[in-house]
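# Coordinate inspection notes
Chain by chain, the residues run as shown.
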Amino acid sequence: MVSDLPLLSLIIWLPIVGGIVVLAASRGGNDNLVRKLALGVSVLTFVVSLPLYGAFDKGTAEMQFQEMATWIPAFNINYHLGIDGISMLLILLTTFTTVLVVISSWEVIKHKVAQYMAAFLIMEGAMNGVFAALDAALFYVFWEAMLIPMFLIIGIWGGARRVYAAIKFFLYTFLGSVFLLVAILYLFFQSDSFSILDYHALPLSMTEQVLLFLGFLLAFAVKVPMWPVHTWLPDAHVEAPTGGSVILAAIMLKLGAYGFVRFMLPITPDASSELDWLVITLSLIAIVYIALVALVQEDMKKLIAYSSIAHMGFVTLGFFVVFGIFDQTGNVQGAALGFEGAVVQLISHGFISGALFLCVGVMYDRLHSRQISDYGGVVNTMPTFAALMVLFAMANAGLPGTSGFVGEFMVILSAYKANFWLAFLAGTTLVLGAAYTLWMVKRVLFGEVKNEGVANLKDLNAREGVVLGSLAVLVLLLGIWPAPVVDVLHSAVDNLLQHVVISKL
Amino acid sequence: MESVYLGIVLAPLIGAIVAGLFGRQIGRAGAHWVTIVGVAISFLLSLVVFKHIVLDESAAFNGTVYTWMVSDGIRFEIGFLIDQLTALMILVVTFVSLMVHIYTIGYMHDDPGYQRFFSYISLFTFSMLMLVMANNFLQLFFGWEAVGLVSYLLIGFWYKRESAIYANLKAFLVNRVGDFGFLLGIAAIVVYFNSLDYADVFAAAPLMADMTVRIFAADEWNLLTVICILLFIGAMGKSAQVPLHVWLPDSMEGPTPISALIHAATMVTAGIFMVARMSPLYELSETALSVVLVIGAVTALSMGLLGLVQNDIKRVIAYSTLSQLGYMTVALGASAYAAGIFHLMTHAFFKALLFLAAGSVIIALHHEQDIRKMGGLKKYMPITYWCMLIGSLALIGFPGFSGFFSKDAIIEAVHASDITGAGFAYWCVLLGVFVTALYSFRMFFLVFHGPERIDPHAKAHLHESPAVVTVPLILLAIPSVIAGLLYAGPLLFQGFFGDSIVVRAEHDVLAQLGEGYTGALGFMLHGLMAAPFWLAMAGVGLAYYLYMVRPDLPEKLKQQFLWLYNLLDRKYGCDDFNDKVFAGGSRAAGRVLWKVGDVTLIDGVMVNGTAYGVGWLSGVVRVIQSGFLYHYAFAMIIGLLVLLSWFVFA
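Parameters and conventions
- Residues numbered from 1 in each chain as written.
- Chains lettered and ligands numbered in written order.
- Predicted model: local features only at pLDDT ≥ 70, side-chain atom pairs only at ≥ 80, totals over all residues.
- Heavy atoms only, no water.
- Contact = heavy atoms within 4.5 Å.
- Buried area = accessible area lost by both parts, 1.4 Å probe.
- Salt bridge = Lys/Arg side-chain N within 4 Å of Asp/Glu carboxyl O.
- Polar contact = N/O pair within 3.5 Å; in protein donor to acceptor, adjacent residues only side chain to side chain.
- Helix = DSSP H or I, 4+ residues; strand = E, 2+ residues; numbered from the N terminus.
- Expected span 1.5 Å × (residues − 1).
- Buried < 20%, exposed > 50% of the residue type's maximum accessible area, 1.4 Å probe, protein only.
- Pairing = 2+ DSSP bridges.
- Axes fitted to C-alpha atoms, helices over the stretch in contact; angles between N-to-C directions.
- Parallel < 35°, antiparallel > 145°, perpendicular 65-115°, else oblique.
- Nonpolar A, V, L, I, M, F, W, Y, C, P; charged D, E, K, R; others polar.
- Core = buried A, V, L, I, M, F, W, Y, C linked by side-chain atoms within 4.5 Å.
- Bend = angle between axes of the 7 residues up to and from the residue.

### Quick notes on the interface of chain A and chain B
Taken together, the 66 residues of chain A in the interface contact 56 residues of chain B. Roughly 5,300 Å² is buried in total at the junction of chain A and chain B, and carbon and sulfur atoms are behind 72% of that figure. Looking only at chain A, the three residues that lose the most surface to chain B are Phe409, Tyr416 and Leu430 of chain A, adding up to 12% of its buried area. For the interface between chain A and chain B, the tally reads 2 salt bridges. Across the pair Lys442 of chain A and Glu162 of chain B runs a salt bridge whose closest N-O atoms are separated by 3.1 Å. Remark: the boundary between chain A and chain B carries 23 residue pairs in polar contact (both at pLDDT 80 or more).

### Brief notes about helix 9 (residues 206–223) of chain A
The terminal C-alpha atoms of helix 9 of chain A lie 25 Å apart, and with 18 residues this matches the ideal 26 Å at 1.5 Å per residue to within 8%. Along helix 9 of chain A, the residues classified as buried are Glu208, Gln209, Leu212, Phe213, Gly215, Phe216, Leu217, Ala219, Phe220, Ala221, Val222 and Lys223 of chain A.

### Some words on the pattern of salt bridges
All names here are of chain B. Within the structure shown, the criterion is met by 25 salt bridges over all chains. Across the pair Arg176 and Glu145 runs a salt bridge, and its minimum N-O distance is 2.9 Å. Separated by 31 residues along the polypeptide, Arg176 in helix 6 (residues 162–193) and Glu145 in helix 5 (residues 137–155) bring together distant segments of the chain. Asp250 is the salt-bridge partner of Lys170, the closest N and O atoms lying 2.6 Å from each other. Separated by 80 residues along the polypeptide, Lys170 in helix 6 and Asp250 in helix 9 (residues 247–250) bring together distant segments of the chain. Pair check on accessibility: Lys170 and Asp250 agree, each one buried.

### Structural notes on the pairing of strand 2 (residues 74–82) of chain B
Residues and elements named next belong to chain B. Here strand 2 lies mainly inside the structure; 8 of its 9 residues are buried. Bridge analysis of strand 1 (residues 61–71) against strand 2 gives 9 bridges, and the strand direction is antiparallel. Its bridge partner lying in strand 2, Thr67 is registered against Glu77. A loop of 2 residues connects strand 1 with strand 2, the two strands running antiparallel in sequence, and Asp72 in this loop sits at a positive phi of about 60 degrees.

### Observations regarding the packing of helix 14 (residues 313–333) of chain B against helix 15 (residues 337–364) of chain B
Residue and element names in this part refer to chain B. Viewed as axis vectors pointing N to C, helix 14 and helix 15 meet at an angle of 175 degrees, and their least axial separation amounts to 9 Å. What the angle tells us is that helix 14 and helix 15 run roughly antiparallel. Across the interface between the two elements, Ile313, Lys314, Ile317, Ala318, Ser320, Thr321, Gln324, Tyr327, Met328, Ala331 and Leu332 from helix 14 touch Tyr337, Ala339, Gly340, His343, Leu344, His347, Lys351, Leu354, Phe355, Ala358 and Ile362 from helix 15. Looking at the contact of helix 14 with helix 15, its residues break down into 14 nonpolar, 6 polar and 2 charged.

### Comments concerning the nonpolar core
Phe319 and Phe385 of chain A together with Leu231 and Tyr282 of chain B are the most contacted members of the largest nonpolar core, which has 466 residues in total. When residues of this core are assigned to their parent elements, the largest contribution, 20 residues, is made by helix 15 of chain B. Excluding residues that lie within four positions of it along the chain, Leu231 of chain B makes contacts with Phe137, Gly181, Phe182, Gly185, Ile186, Ile189, Met274, Met278, Leu281 and Tyr282 of chain B.

### A short note on helix 26 (residues 574–624) of chain B
Of all the bends in helix 26 of chain B, the largest measures some 50 degrees and sits at Gly609 of chain B. Residues of helix 26 of chain B that are buried include every one of Asp575, Gly590, Trp594, Gly597, Asp598, Ile602 and Asp603 of chain B, and no others.

### Details of unusual backbone geometry
Residues and elements named next belong to chain A. Along the chain, Val224 connects to Pro225 via a cis peptide bond; the corresponding omega equals -15 degrees. With respect to the helices, strands and loops of the structure, Pro225 is situated in the loop between helix 9 and helix 10 (232–239). Its identity is not glycine, yet Asn76 carries a phi of approximately 60 degrees, on the positive side. Secondary-structure assignment places Asn76 in the loop between strand 1 (64–72) and strand 2 (77–83). A positive phi angle, near 55 degrees, is found at Lys112, a position not held by glycine. You can see Lys112 is positioned in the loop between helix 3 (85–104) and helix 4 (113–132).

In structure tokens:
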């Protein structure tokens, strides 16, 4: 049986070891070998991760594919891995996106290829580790470990202001992580355990919960990112190389959201219920305020970065509507819709924002500009590319039939159950999201050929076509038939929602 | 029958995909064949369905195609509801679409985007069919947004034109404003009915009739009123009702076949169809019906007036579409859903005819659209001339033509209705008849009669359009004439729609009218003696006088009533208002939030401010670390003194 293999360990360590091998192989100076090796490793990891879906048992809320080994017995720290439906999907997203990133960097990165590829592979392992860890210490190690490759990717292969952006990224997220560490240590002293699942059952007073809640909020809100700790993201995106932006948007932001699911909600349910207004307010600010900011951006990457923040607002909103619904109706009927919608939004946003950053990358590789004003009429010279970019733009605007619709739709429906005005404010994305995305599309793709540069553009090559094409298929597939993604979530989400409305006091 | 239903939607979809993805491989002829065959299959199958449901009186079909997802116990499905209403709609949609497909071969003959165009219009047909065949709100919304998407693609079809890509963005965003309301309406339905299925919702609606909800602090609102108004906001976007009408005139930037298909015959009727489909809900809320009625009436009259000052042949017809959509909406508000749908059907025929005839003129004149540069075309284009005349007569409701029956039914229905706003609406639609006749025949006379003002260069090649253009015109002209005679009785008064449309007895104005109905001929005779007919004749007469007999008068009138002309020419200032307040306001807000909120406050003060603060503090602290022993010794002595004095005196 495949499920007897330590699949989770494999998908963590395979890319990390692979990354080291890639580094070692670079001594030969053969960049092509390095690229093929990196591609091999990432594809292999993706293939190994597929049985996680195939052998997944939808009927149980228990953690699956669990692995357990003692690591530091003195502090009761274990190498404990396991996943539920939520983390399983995020792991698949990670392994898939990494393959795309390796392919998309193929001839774009010419400088220190091995280091670049290795950084992504090692980061992939660390991110899978975060999603799979059930031990808080292990989680924290992976959580911090993945910062380093990303710091290097922005700092070495980034744009003109890469050093500022890299340091801002690092300090910002590191600041958040410190609060996470304090929170975990406190929980350890209370429970004498580092097991996240033990923390879920740990009774805590309201004061303790509120303090822990705030610690978690700072740690995870920076990563998501939520307003007002979001300003690192536009800078990081603008300066990062395309691959870095893709991983940042598609996966790294999801880690913050995942923290809400794994730590904040189940460990501090009473504080979450008490302070849900805070998270909901910040989510709505993200949806409305950030959308307006996105509207006036002149740099395509910045625009998409702001759009990412706005879309992540739906995720945090979807996670926290449960308390409002529970207050209104006395049960959680209707909350699972929002919660599952939030998870679908995570996956969908991974595809769409990744694809949009790749689109900008495709143009950047040709004209070395990200400014909207440097483009115009791209459709005349790159029709295939334009068709794909319009598709992704429509998905970003939440058009039904694309994945972007599913999560937003579910969250808005659920938000209405809590309060009409939540749904109203969230629904403004229908107009604002379309406005900033399509206005950019209009200025970049449509119109007469604007300048010499645009006139000489070459349409997608096969490599770019494969990358964008596969994302397009996924965006459509998830939009036309989201059931395969939603079905694996039910058990975990129902279990969590039942748990969060039971007081720990 | 299920495979037939599937075939109806899939045939155009497959055509669209093949023409879209493999356009280069299959070539131009391949693209038009594959899409025309697809739509033709769809049309033939629609005939089968029409026979099955309407003529054979089989039971309505309501079934699931596949389950989109299940979450929280709510099933999200894709499925079909095929009843009399759907059967009629798919027939109209596929017929007009088929005509437009054929016509496109001629119209787009020289266009480099030929395959793309066929792909889009087939995709549009698919979307519209999904919309009208839906048995649940999810699929309705899917079709709703999909027609919006295709409309976006088609208005911006000539993507090099700045005006086209402005218009398509505008159309999409204005529609999105409507969809925003629509989505909230759907959300309300899910929250209170716990289902997206029409059948479940309609069954439960009477039980919810007295339920109230709180939206603003303490006011109690009737739930169904809230839902119906929210859904109607969506209809206002798609069916271009005031104030969400602004996108439709601009949408004329798209190629003419699209103006005929999307912006006259089908997509804009989605809102009308939706309200008729939701009649079990609207019937339970008189407030919502009044809102629908008043909005429709305002649209019917005010948009017709704008048609008087347009000089672009397509824009004249576009404003007439807006005005006629207003008539349909009025019918819905008066609970005369059948009359609304009937007018939708007749309008689809004669408006598609008018647009395609206008397109025929436009290509004959090498893409000249200004009616001031036409005139006297009758002798060059006889087929187009007669078709345009038939379309215009149908539009103004000349007795015997299809538009007469449907429009007269609406006017009579509003007259008979006694819900709030019906009196106002009656006067609007009555005056609208005069206005309609005036602008229609103004255009007609200016284009086909009178002196030739044609560009000499264009005149050299002037001739009647080829058969691919004229045959669809003739095929559309036939139902424009006879559809009323044939179907007025069954559709309006003889229960054609069965259970697919629900009307409460006290609202049932059509039943009242039906009591006096003695057949189409009697209807016509009655029409000859009623006010609308004479108003229409007055309109035609005035148009003839102003533009044929005294062509100097319009200019004089314009100078005399310049303020009025300017008001109409500026379209009541709606566009200016939207541009300044909504578009400009959002951009200004965005700029302030970005520059002040993000850049100055968060990044400037908090983030970089912290960094500067730390830098400044370490600068200060560094001064103390001077490295001179006597500085440290001095500090120690001071410290010792302070501590000692604290111990001694405290």
